[in-house]
Amino acid sequence: MIVMKFGGTSNEDAAAMRNVIRLVKNHIDEQPVVVISAIAKATNELELTARTAALGKEDEAIAIVTRLFERHNTIIDNLLVSRSVASELEGIFFHHLAEIKALVKGIAILRELTPRMLDAICSYGERLSSRIIAAGLLEAGVESEWVDARDFMLTDDNFGRAQPVLTAVEVNLEKEIRPLVAQRKVPVTQGFIGITRSGEYTTMGRESSDYSASIIGGAMNAAKVQIWTDVDGILTADPRVVKSVKKLKRLSFEEAFELSYFGAKVLHPRTMLPVIEKNIPVQILNSKRDGTGTMVDFHFDGNEEQPDAVRIKSIAHKNDIAVVSIFPRKRFSPYMFWEEIFNVLTAYGITTGMTATSEFKIAFAVDETTVSEGLVHELEKFGSLEVLHKKGSICLVGKGMRGAGGILPRIFQTLPDFQVYMISFGASDANITLVIDDECLHEAVNNLHAALFEHDELPGMFEELPH
Ligand code: ADP
Ligand code: ASP
Ligand code: MG
């Protein structure tokens, strides 16, 4: 079996959904399990509904979510031929809308939005879209079956960033999904959402449908996980920032992981985790244009030709980074000091992709949104703190970075006028990361892209894209 995951823009309207149905039919012999995201922008609108309710604006919140449901009903009307199936779905959606209205009322009265309530509301996006796709497939002659993620995706109760309980998920998938595949049916389920032991909906973080797909693929030992999206594959940079991007034909698991971790939105940062040790290939494909996509399917093992050659393959960038530096009050033991700092970060669930240390000082880069008053207060117990805001990171991903003499001068030549606040180099052979001012990020990414990718220094690695 394979997993086919379709993102929001692949489901944005009836035409896009018709195309999803066509793609699933094309792959029917590979026994697909289909994972669906909410329709484009639906999760944003659900979040806005909840946040508007928390301001006490119940009517406004209900107007937002009602419009979203109308959008779904329009898709149903334009996609499904059978009026009885359409009205059955519209009936289910009507109940869901009533449930959301009740939640909105509660939030508006209390003027309080807990992460648990937010997840409950956001869970509806995937629950609606997946039902439409399942019905559309059935109508197109595919024996599909809608499967509720609450029947298998058990998670912890960290609402908003829940983690799957993998052993239970594996057992549940064998019970709920494997028999359908064995009967040659096409299970259609939801990305992004999970369920706690006590039956409450959770979400695994924004954009995490990719992660749901790879959890399912990893747990069921799929032959492949396909991520169908709105670009031709993994590109040399974010196409919204760099015009002349090229597509990568193949990438190692490690490179794909680094790229996603350091901000390439095309894959959720955790996507590679469930598949990397099982060597399950991940293929990134454009749902709106035929092509071969990018295949992530190998590990570097040191046996390749020119094992030491530097091969920069892509540039990821991230906005909204803060650099936090701490100077300890008592200089007696750096490792105890560092331990204390990392204990605080762990307690706040914060990971940092970059750290730098001098004799007693430690600096790390984190997402700006994680720098809360509580965190600052906790860290200040251990020393004096400096927080640099409005920074951004650039991560060059590839192979052979460590020990490669010429690469650093080449990078810095392209960034002569930029202030660099942190550098991470050497921890991995696969990346070099810099922190610069957020406002300079796009210019720096373009400069680096022009210097590193304009001339084809790595024949066979990239594919030019049709314009
Ligand atoms: P989906 O809704 O299908 O999950 P996303 O919007 O989450 O799609 O991810 C696809 C987007 O990722 C692309 O439209 C592109 O703008 C962005 N992106 C950022 N970096 C890269 C990259 N290196 N390669 C491809 N796409 C990238
Ligand atoms: N619908 C969710 C979001 O927008 C999950 C996803 O699309 O991957 O964050
Ligand atoms: Mg995505």
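Please refer to the structure placed before this passage.
What counts as what
- Residues numbered from 1 in each chain as written.
- Chains lettered and ligands numbered in written order.
- Predicted model: local features only at pLDDT ≥ 70, side-chain atom pairs only at ≥ 80, totals over all residues.
- Heavy atoms only, no water.
- Helix = DSSP H or I, 4+ residues; strand = E, 2+ residues; numbered from the N terminus.
- Rg over C-alpha atoms; globule rule 2.2 N^0.38 Å.
- Buried < 20%, exposed > 50% of the residue type's maximum accessible area, 1.4 Å probe, protein only.
- Contact = heavy atoms within 4.5 Å.
- Areas by Shrake-Rupley, 256 points an atom, 1.4 Å probe, with all protein chains shown as cover.
- Lys, Arg positive; Asp, Glu negative; His and termini not counted.
- Charge placed at Lys NZ, Arg CZ, Asp CG, Glu CD.
- Pairing = 2+ DSSP bridges.
- Axes fitted to C-alpha atoms, helices over the stretch in contact; angles between N-to-C directions.
- Phe/Tyr/Trp six-rings, centres within 6.5 Å; stacked < 30°, edge-to-face > 60°.
- Core = buried A, V, L, I, M, F, W, Y, C linked by side-chain atoms within 4.5 Å.
- Near = heavy atom within 4 Å.
- Polar contact = N/O pair within 3.5 Å; in protein donor to acceptor, adjacent residues only side chain to side chain.
- Nonpolar A, V, L, I, M, F, W, Y, C, P; charged D, E, K, R; others polar.
- Salt bridge = Lys/Arg side-chain N within 4 Å of Asp/Glu carboxyl O.
- Left-handed = near helix turned anticlockwise from the far one by under 90°.
- Right-handed = clockwise from strand over helix to strand, strands pointing away.

Participant: Let's hear about the overall build of the protein chain: which residues, and what values?
Facilitator: Along the backbone of the protein chain there are 15 helices and 18 strands. Expected size for 467 residues packed as a compact globule is a radius of gyration near 23 Å; at 23 Å, the protein chain falls within 12% of this value. In terms of principal-axis extent, the alpha carbons of the protein chain reach across some 70 × 55 × 40 Å. Expressed as a percentage of the 467 residues in the protein chain, the buried residues total 53%. Pairs at least 24 apart in sequence give 76% of the contacts found in the protein chain among residues at least 6 apart. About 20800 Å² of surface is accessible on the protein chain, with carbon and sulfur atoms providing 51% of the total. Between the centroid of the 49 positive side chains of the protein chain and the centroid of its 64 negative side chains there is a distance of 2 Å.

Participant: Give me the lowdown on the environment of Arg-184, citing residues and values where you can.
Facilitator: Topologically, Arg-184 is positioned in the loop between helix 8 (178–182) and strand 4 (186–190). With a relative accessible area of 54%, Arg-184 lands in the exposed category. Placed 88 residues apart in sequence, Arg-184 and His-96 show a C-alpha to C-alpha distance of 30 Å. Apart from residues no more than four positions distant in its own chain, Arg-184 is found in contact with Asp-29 and Gln-31.

Participant: Give a description of the sheet that holds strand 16 (residues 420–425) that names residues and reports values.
Facilitator: The antiparallel open sheet is built from six strands, whose spatial order is 13-14-12-15-17-16. Strands with a single pairing partner mark the edges of an open sheet, and in this sheet they are strand 13 (354–357) and strand 16. The average undirected angle you get between the axes of adjacent strands in this sheet is 30°. Note: strand 12 (residues 311–328) against strand 15 (residues 383–399), 14 bridges, orientation antiparallel.

Participant: Outline the packing of aromatic side chains, supporting the account with residue identities and numerical values.
Facilitator: The final tally for this structure, using the stated rule, is four aromatic pairs. Each ring, one from Phe-257 and one from Tyr-261, has its centre 6.2 Å from the other, and the planes form 70°; the classification is edge-to-face. Linking Phe-257 with Tyr-261, this pair stays in helix 10 (residues 253–261), spanning four residues, or about one helical turn. A residue is classified by how much of its surface remains accessible, and Phe-257, at 24% relative accessible area, is partly exposed. Overall, Tyr-261 belongs to the partly exposed group, its relative accessible area being 28%.

Participant: Just give me the short version of the nonpolar core, but keep the residues and values in it.
Facilitator: Among the nonpolar cores identified, the biggest contains 126 residues, and Phe-6, Ile-216, Val-296 and Leu-396 are the most heavily contacted of them. With residues up to four places along the chain from it excluded, the contact list for Phe-6 reads Asn-11, Val-20, Leu-23, Val-24, Val-34, Val-35, Ile-36, Ser-37 and Trp-228. By size, the runner-up hydrophobic cluster in this structure holds 14 residues, among which are Val-324, Ile-326, Ile-341 and Ile-350.

Participant: Got a sec to walk through the site of ligand 1? Specific residues and values, please.
Facilitator: With respect to spatial proximity, 18 residues lie near ligand 1, and among them Glu-207, Thr-229, Asp-230, Leu-235 and Lys-265 are the closest. In the model, an oxygen atom of ligand 1 is placed 3.2 Å from a nitrogen or oxygen of the Gly-8 main chain. Protein chains shield 91% of the accessible area of ligand 1, which is 570 Å² for the free molecule. Classifying every residue of the shell around ligand 1 gives seven nonpolar, five polar and six charged.

Participant: A description of the pattern of salt bridges should follow, citing residues and the corresponding values.
Facilitator: If you walk through the whole model with that rule in mind, you get 23 salt bridges. Salt-bridge contacts for Arg-206 lead to Glu-47; the nearest nitrogen and oxygen are separated by 2.9 Å. Residue Arg-206 is located in the loop between strand 6 (201–203) and helix 9 (209–219), and its partner Glu-47 is located in helix 2 (residues 42–54); the two are separated by 159 residues in the primary sequence. For Arg-206, a relative accessible area of 39% puts it in the partly exposed group. In this structure Glu-47 comes out as buried when scored by relative accessible area, which is 19%. With its nearest N and O atoms 2.8 Å apart, the salt bridge here joins Glu-174 to Arg-178. Linked through salt bridges whose partners overlap, the residues forming this network are Glu-47, Arg-51 and Arg-206.

Participant: Give a detailed account of the sheet that holds strand 1 (residues 2–6), specifying residues and quantitative values.
Facilitator: Judged by pairing direction, the sheet is mixed, and its eight strands sit side by side in the order 3-4-2-1-7-10-11-9 without closing on themselves. Of all the strands in the sheet, the pair left with one neighbour each is strand 3 (144–146) and strand 9 (250–252). Averaged over neighbouring strand pairs, the angle between their axes works out to 20° when direction is ignored. Looking at chain direction, strand 9 and strand 11 (residues 294–298) are connected through three bridges and run parallel. From the neighbouring strand, Ser-252 faces strand 11, where its bridge partner is Phe-298.

Participant: Explain the packing of helix 2 against helix 4 (residues 83–110) residue by residue, including any values.
Facilitator: How two helices pack is summed up by the angle between their axes together with the distance between the axes. The N-to-C vectors of helix 2 and helix 4 enclose an angle of 35°; their axes lie 7 Å apart at closest approach. Judged by the sense of rotation from one axis to the other, the crossing of helix 2 with helix 4 is right-handed. Residues Leu-46, Thr-49, Ala-50, Ala-53 and Ala-54 of helix 2 pack against Ile-100, Val-104, Ile-107 and Ala-108 of helix 4. Residues that form the contact of helix 2 with helix 4 fall into these classes: eight nonpolar, one polar and no charged.

Participant: Which residues make up the pairing of strand 2 (residues 32–36), and what are the values?
Facilitator: Most of strand 2 sits out of view: five of its five residues are buried. Residues Pro-32, Val-34 and Ile-36 of strand 2 are buried on one face, and the alternating residues Val-33 and Val-35, pointing to the opposite face, are buried as well. With five bridges connecting them, strand 1 and strand 2 associate as parallel partners. Within the sheet, the bridge partner assigned to Met-4 lies in strand 2 and is Val-34. In this fold, the crossover linking strand 1 to strand 2 by way of helix 1 (residues 14–26) has right-handed handedness. Judged from the three bridges that link them, strand 2 and strand 4 form a sheet pairing that is parallel. From the neighbouring strand, Val-35 faces strand 4, where its bridge partner is Thr-189.

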